[in-house]
Amino acid sequence: MSPLAAQPARRVAVLGGARVPFARSDGPYATASNQEMLTAALDALVERHGLQEPGAVGEFVAGAVLKHSRDFNLARETVLGSALDPRTPAYDIQQACGTGLQAVIAAANKIALGQTESAVAGGADTASDAPLGVNDRLRRILLEARRAKTAGARLKALARIRPGHLVPDIPRNAEPRTGLSMGEHAAVTARAWGITREDQDALAAASHQRLAAAYERGFFQDLVVPFRGLARDQNLRPGSTVEKLAALRPVFGLDAPDPTMTAGNSTPLTDGAATVLLASEEWARARGVEPLAYLTAYETAAVDFVGGDVAGGEDGLLMAPAYAVPRMLERAGLGMGDFDLVEIHEAFASQVLATLAAWEKRGLEPVDRARLNVAGSSLATGHPFAATGARIVATLATLLAEREGPGRGLISVCAAGGQGVTAILERT
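For the structure shown, the criterion picks out four aromatic pairs. Pairing Tyr29 with Phe227 gives two aromatic rings, centres 5.0 Å apart and planes at 70°, and the pair type is edge-to-face. A residue pair is termed long-range when its members are at least 10 positions apart, and Tyr29 in the loop between strand E2 (23-24) and helix H2 (34-49) and Phe227 in the loop between helix H8 (197-216) and helix H9 (242-246) qualify at 198 residues. Residues Tyr29 and Phe227 agree in their burial class; the two are buried. Where Phe252 meets Phe348, the ring centres are 5.9 Å apart and the plane angle is 85°; that geometry is what we call edge-to-face. You can see Phe252 sitting in strand E6 (residues 250-252) and its partner Phe348 sitting in the loop between strand E10 (341-344) and helix H12 (349-361), a full 96 residues away along the chain. Each member of the pair, Phe252 as well as Phe348, carries the same accessibility label: buried. Within the aromatic cluster, the residues linked to one another by ring pairs are Tyr215, Phe219 and Phe220. Directly above the ring of Phe22 sits Arg19, whose terminal nitrogen or CZ lies 4.6 Å from the centroid.

Next up on the list: the environment of Leu84. Structurally, Leu84 can be placed in the loop between helix H3 (74-80) and strand E4 (90-92). Separated by 216 residues in the primary sequence, Leu84 and Thr300 have C-alpha atoms spaced 31 Å apart. Those residues in contact with Leu84, other than ones at most four positions away along the chain, are Leu42, Val46, Leu51, Val57 and Val79.

What tends to happen in soluble globular proteins is that the nonpolar side chains get buried as a cluster. Leu101, Val276, Ile411 and Leu425 are the most contacted members of the largest nonpolar core, which has 47 residues in total. Core analysis: the second largest hydrophobic core is formed by 37 residues, Ala18, Val46, Leu51 and Leu84 among them.

All right, on to the pairing of strand E1 (residues 12-19) then. Where burial is concerned, most of E1 is hidden: eight out of the eight residues are buried. In this structure, E1 lies alongside strand E9 (residues 293-302), joined through three bridges in antiparallel fashion. Residue pairing in the sheet places Ala13 in a bridge with Tyr294 of E9. Sheet topology places E1 next to strand E8 (residues 270-280); seven bridges connect them, and they run antiparallel. If you follow Ala13 over to E8, its bridge partner there is Ala279.

Once that is clear, we can look at a nonpolar patch on the surface. Taken together, the side chains of Val134, Leu142, Leu155 and Leu158 define a hydrophobic patch exposed on the protein surface, amounting to about 350 Å² of accessible area. With respect to the secondary-structure elements, Val134 resides in the loop between strand E5 (118-125) and helix H5 (136-147).

With that out of the way, let us pick up the packing of helix H7 (residues 182-193) against H12. Contact pair H7 / H12: the axes reach a minimum separation of 9 Å and the direction vectors enclose 45°. With respect to H12, the axis of H7 lies oblique. Viewed along their axes, H7 and H12 form a crossing whose handedness is left-handed. Between H7 and H12, the contacting residues are Ala186, Thr189, Ala190 and Trp193 on the first element and Ser350, Ala354, Ala357, Ala358 and Lys361 on the second.

Our focus in this paragraph is helix H14 (residues 388-401). Taking 1.5 Å per residue, 14 residues should reach 20 Å; H14 reaches 20 Å between its end C-alpha atoms and fits that length. Counting buried positions along H14 yields 14 of 14 residues, so the element is predominantly enclosed.

The next subject is the side chain of Arg427. Position of Arg427 among the secondary structure elements: in strand E12 (residues 419-427). Judged by its relative accessible area of 16%, Arg427 falls in the buried class. Among the polar contacts listed, one links the side chain of Arg427 to the backbone oxygen of Pro291, at a separation of 2.8 Å. Arg427 has contacts with Glu290, Pro291, Leu292, Leu400, Ala401, Gly405, Pro406 and Gly407, leaving out every residue within four places of it along the chain.

Attention now moves to the pattern of salt bridges. Tallying each qualifying case throughout the model produces 24 salt bridges. Glu36 is the salt-bridge partner of Arg228, the closest N and O atoms lying 3.0 Å from each other. In this pair, Arg228 is assigned in the loop between H8 and H9 and Glu36 in helix H2, connecting sequence segments 192 residues apart. The exposure class of Glu36 is partly exposed, given its relative accessible area of 32%. For Glu299, the salt bridge is made with Arg327, and the minimal N-O distance between the two is 3.2 Å. You can see Glu299 sitting in strand E9 and its partner Arg327 sitting in helix H11 (residues 321-332), a full 28 residues away along the chain. The partly exposed category is assigned to Arg327, whose relative accessible area is 39%. Taken together, the shared-partner salt bridges in this structure form one network comprising Arg10, Glu117 and Glu282.

In this model H11 runs 16 Å from its N-terminal to its C-terminal C-alpha over twelve residues, within 8% of the 16 Å that 1.5 Å per residue would give. Listed in full, the buried residues belonging to H11 are Pro321, Ala322, Ala324, Val325, Pro326, Met328 and Leu329. The first or second residue beyond H11 is Gly333, which carries a positive phi of 70°.

Attention now moves to the environment of Leu203. For Leu203, the location among the structural elements is in helix H8. When its relative accessible area of 10% is taken as the criterion, Leu203 is described as buried. For Leu203 and Val251, which are 48 residues apart along the polypeptide, the C-alpha to C-alpha distance reads 17 Å. Residues contacting Leu203, with those up to four places away along its chain left out, are Ala349, Val352, Leu353, Leu372 and Leu379.

Here is what the cut-offs are and how they apply
Residues numbered from 1 in each chain as written. Predicted model: local features only at pLDDT ≥ 70, side-chain atom pairs only at ≥ 80, totals over all residues. Heavy atoms only, no water. Phe/Tyr/Trp six-rings, centres within 6.5 Å; stacked < 30°, edge-to-face > 60°. Helix = DSSP H or I, 4+ residues; strand = E, 2+ residues; numbered from the N terminus. Buried < 20%, exposed > 50% of the residue type's maximum accessible area, 1.4 Å probe, protein only. Lys NZ or Arg CZ within 6 Å of the ring centre and 35° of its normal. Contact = heavy atoms within 4.5 Å. Core = buried A, V, L, I, M, F, W, Y, C linked by side-chain atoms within 4.5 Å. Pairing = 2+ DSSP bridges. Patch = residues over 30% accessible without salt bridge, like charges linked within 9 Å, V, L, I, M, F, W, Y side chains within 5 Å. Areas by Shrake-Rupley, 256 points an atom, 1.4 Å probe, with all protein chains shown as cover. Salt bridge = Lys/Arg side-chain N within 4 Å of Asp/Glu carboxyl O. Axes fitted to C-alpha atoms, helices over the stretch in contact; angles between N-to-C directions. Parallel < 35°, antiparallel > 145°, perpendicular 65-115°, else oblique. Left-handed = near helix turned anticlockwise from the far one by under 90°. Expected span 1.5 Å × (residues − 1). Polar contact = N/O pair within 3.5 Å; in protein donor to acceptor, adjacent residues only side chain to side chain.

Function cannot be read off these values alone, since they describe shape.
Written out as C-alpha cells, the structure is:
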C-alpha cells in the first residue's frame, strides 16, 4: 500500500463564499466578461477572508460553459487580475451546469488528500457575451487558403467565399445529439411524470418569495457583493404569486397538448459569477476561522437521454440526480429524513418536481418542502451555468451555520448532457 493510500482523508471545511448579484442576460452585465465577473467575486472573497498574503490559497479552480477562445486559461487569468497572490496556481474545469460544484469537489479532493491546505473554487458565465463562431464553410475556406503554397492558390480558395459564408455560427441552447433545447427536454420529462402547471408555478413563486425574504433579513450580506449597479439578483420578483405566474403563456412543449412550462417557472438566461473558500481544519484553526460546514460526500451520475427510457421519464436529460443521490445516500448510510436542508438546482420547476418524484419511486422518503431551497434558488436567483454550484455550496453552508447546532444538507445539481452532480454538507 502506498503512503498516500494509507493516509486517512481529512475533513474539508467550507469557510465562506462570495458572488456578484446575478443579472438577466443582455442587461447590466451585457459588456462584462467572464473574467471580469469572476475577478469581482474572487476579490470580494479575498478581502472578506484576508487572503492577500503570499501563499494564502493553495490553488484556484473555476470554469465557464460559454467561453471565448480568450478564456482558454480563465482561472489563471482571473488570479493574475485579482488581489490573490499571483503565484497561486489555477486551472479550469467544465461540466456544463455542474461546473461550479465539480470545481468545489476537485479542490476538496486535494485538501482531503493533504495535497493542499486551502483552495478557492467557483465559476462564471455570461449568456450576454456568448462567443460567435465563424461559419463552418468559411472556416474551411480560410484554412485551405492558409495551407496554400502559392499566392494564386490562396486567391483561388478565397474567391469561393460567398455572402452566405459570412453568417456567424450562433450558439444554440440545444443538445447536439437530439437538437432539442434543455427546456424541450424538460417538457418531455414533465409529461412523463405528470407534473402539473399549478405545482410548477407554486414552486416558482416560493423560490421568489423565499429569496426576497432572505435578502430582507440580511442573509446575503456576507455572500453577495454589489457589481455594476446591482446589489440584488436582478431576476428576483418579490411579488411573485401563483396567480400572476398562471397568466403566463407556455413556451416549451408546445408540440403536445396542454403544455405547462412558462418563462415564469423556467430559469432565465443569466450572467454572473460565484466563489467559495475551502480549507483543511488545521488551516482554519490556525487562522481562527470557524467552519460554516464540512463537505462530506459527493456523487456524480449520467443518463442515456438519447437511447434510454426518455418517454417514460427515467432517462430524461435532467434526471441524473435521481440516480446519483440514492447511490450517495446508500454509501453514506443516510436517508432523506437525515437532512435538515435540501438544495435542488431549479433549472426548471418541472425538473425539481420530477426529481422529487423519482427519489420517492426509488424508495427515498419524501422531501419536506419546508426544508427545500429555503433561501430561494435558481428560478428566482438566475442560473449563470458554471456559477450555480458555488452559489449553492456557499448558501447551504451559511444556512447550516446559522442554525447554531449540528445539521446536514443535501445538494443536487442537474446538468446538460444528461449528467448530475450531488454532494452532502454537514455541520457538527
